[in-house]
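Structure at a glance
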Amino acid sequence: TNNIKFTEEDFEVKRKFKSHFTKWTDIESFGVGYMGNNKAVIFNYSENHTKQKLGKQIASAMTGAEGGLPNTYGMKAKELAELMNEWKVDASLHDS
């Protein structure tokens, strides 16, 4: 089952047999863009995120953003992006 889970520290994207965790502090901001013909939540990593340089370059060339979610999980892309930005702001308040 594909789903997404938020915690104070990160978000987890689950796909069938694999999970991927991303810290809120590793993300600059969330927005809406296109992955192929589908509207999706896209994002750029913060400057302190130094992993996956080649992957980020390829994704940026293809979509205009360094990363994106594979699904909108039953929400509109804009609503999910706004929700994720709210979680990111909340996480930064708890971090300081």
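Notes on the structure follow. Here the structure is a predicted model, which is why all the values come from computation and not from measurement.

1. A short note on the side chain of K88
Secondary-structure assignment places K88 in helix α2 (residues 77-95). Put simply, K88 is tucked away with no salt bridge, and the nearest opposite charge, on E28, sits 6.7 Å away.

2. Notes on the pairing of strand β5 (residues 38-45)
For strand β4 (residues 27-35) and β5, the ladder comprises 8 bridges, and the chain directions are antiparallel. Paired with F30 across the two strands is F43, which belongs to β5. Across 2 bridges, β5 lies against strand β6 (residues 67-68) in antiparallel orientation. Pairing of I42 across the sheet is with G68, part of β6.

3. Some remarks on the sheet that holds β5
Read across the open sheet, the 3 strands follow the order β4-β5-β6; overall the sheet is antiparallel. Here the strands that pair on one side only, and so sit at the sheet edges, are β4 and β6.

4. Section: the nonpolar core
Of all hydrophobic cores here, the largest spans 16 residues; its most connected members are I4, F11, F30, L69 and M84. If you list the elements that add at least two residues to this core, you get β1 (3-6), β2 (10-15), β4, β5 and α2. Broken down by element, the residue count for this core peaks at 4 residues, all from α2. Setting aside anything within four residues of it in sequence, one finds L69 in contact with I4, F11, V13, M35, A40, V41, F43, L80 and M84.

5. Things to note about the environment of E12
By the secondary structure assignment, E12 is in strand β2. For E12, a relative accessible area of 8% translates into the label buried. Here the alpha-carbon distance between E12 and K23, two residues 11 residues apart in the chain, equals 8.9 Å. Residue contacts for E12: discarding those within four places in its chain leaves N3, I4, K5, S19, H20 and F21. In terms of polar contacts, E12 uses its side chain to reach the side chain of S19, at 3.0 Å.

About the cut-offs
Residues numbered from 1 in each chain as written. Predicted model: local features only at pLDDT ≥ 70, side-chain atom pairs only at ≥ 80, totals over all residues. Heavy atoms only, no water. Helix = DSSP H or I, 4+ residues; strand = E, 2+ residues; numbered from the N terminus. Buried < 20%, exposed > 50% of the residue type's maximum accessible area, 1.4 Å probe, protein only. Lys, Arg positive; Asp, Glu negative; His and termini not counted. Salt bridge = Lys/Arg side-chain N within 4 Å of Asp/Glu carboxyl O. Pairing = 2+ DSSP bridges. Core = buried A, V, L, I, M, F, W, Y, C linked by side-chain atoms within 4.5 Å. Contact = heavy atoms within 4.5 Å. Polar contact = N/O pair within 3.5 Å; in protein donor to acceptor, adjacent residues only side chain to side chain.

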